[in-house]
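Commentary on secondary and tertiary structure
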Amino acid sequence: MAPYTLTYFPIKGRCGALKMILADNEQQLKEKLVTKEEWMKSDTKGSYLFGQLPKFEDGDLVLYQSNAILRHIGRKHGAYGKNDCEASLIDMMNDAVEDLRMKYIKLIYQEYETGKEAYCKDLPNHLKPFESILSKSKSGFLVGDQISFADYNLFDLLLNNKVLCSTFLDSFPTLKSYVDKIAARPKIKALLECENFKKLPINGNGKQ
């Protein structure tokens, strides 16, 4: 089977979780990197649907929108629940992760100098629901008894926030053990320790 192809910037950005779910499922990924300089050329941006990246190719299927890509991979590799009810709950969890990611992105790209302290202070309020859900979970995952694409997405975002607000997990023991548990999965551990992955900036503007 031909490897999946990802066209994206040389950052973790919105593709950290995607790389994690693919690594955990031993899937090959061919990467095409687009530099900031290339992207600023008007004809480059215009050649991509919605004028944005990432672009993901699975054979003849071409997908844009990072969460659509995660859902596709989740569906293909058994990370989208065991039935429709679980799939709907996973969608709900992923939407909640996306809400928090948008707050993170707004801070990084618009309010880093003025809003970092307030963001870190407010972060626990947004983490309480996840702590509550995981504390009731018998499997240690967000939904059902196996890892889903929403778990990879939450894990990736928690790692980003750990860089930003280093002690934020101290008052969330369940979330802390959740991060440790996913980080210890052999293929995830290998990815996180891989030099090519480690050297990638988290965000496009160098702030983290």
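Conventions used here
Residues numbered from 1 in each chain as written. Predicted model: local features only at pLDDT ≥ 70, side-chain atom pairs only at ≥ 80, totals over all residues. Heavy atoms only, no water. UniProt positions renumbered as here; feature names shortened; annotations may be inferred. Phe/Tyr/Trp six-rings, centres within 6.5 Å; stacked < 30°, edge-to-face > 60°. Helix = DSSP H or I, 4+ residues; strand = E, 2+ residues; numbered from the N terminus. Buried < 20%, exposed > 50% of the residue type's maximum accessible area, 1.4 Å probe, protein only. Disulfide = S-S within 2.5 Å. Pairing = 2+ DSSP bridges.

- As annotated in an unreviewed UniProt entry, the protein carries the name Glutathione S-transferase and is attributed to Cyprinus carpio.
- Under the Catalytic activity (unreviewed entry) heading, UniProt states for the protein: "RX + glutathione = an S-substituted glutathione + a halide anion + H(+)".
- If you open the UniProt record of the protein and go to Function (unreviewed entry), you find "Conjugation of reduced glutathione to a wide number of exogenous and endogenous hydrophobic electrophiles."

1. A closer look at the packing of aromatic side chains
- For the structure on display, the rule yields six aromatic pairs.
- On the numbers, 5.3 Å between centres and 85 degrees between planes, the contact of Phe9 with Trp39 is edge-to-face. Here Phe9, found in the loop between β1 (4-8) and α1 (16-24), pairs with Trp39, found in helix α2 (residues 36-40); they are 30 residues apart in sequence, far enough to count as distant.
- Overall, the relative accessible area of 10% leaves Trp39 in the buried class.
- Each ring, one from Tyr80 and one from Phe149, has its centre 4.8 Å from the other, and the planes form 75 degrees; the classification is edge-to-face.

2. Notes on the state of the cysteines
- If you walk through the whole model with that rule in mind, you get one disulfide.
- Covalent S-S linkage joins Cys120 and Cys165, the inter-sulfur distance amounting to 2.0 Å. Judged by the torsion about the S-S bond (-75 degrees), the Cys120/Cys165 disulfide is left-handed. With a gap of 45 residues between them, Cys120 in helix α5 (residues 84-135) and Cys165 in the loop between α6 (149-164) and α7 (173-183) connect regions that are remote in the sequence.
- Since its relative accessible area comes to 22%, Cys120 is described here as partly exposed.
- According to the relative accessible area criterion, Cys165 is buried, its value standing at 7%.

3. What about the pairing of strand β3 (residues 55-58)?
- Side chains of β3 alternate between two faces, with Lys55 and Glu57 and Phe56 and Asp58 buried alike.
- One ladder, built from three bridges, connects β1 with β3; its direction is antiparallel. Bridge pairing links Thr5 to Glu57 in β3.
- Between β3 and strand β4 (residues 61-64), which pair antiparallel in sequence order, lie two residues; one of them, Gly59, sits at a positive phi of approximately 65 degrees.

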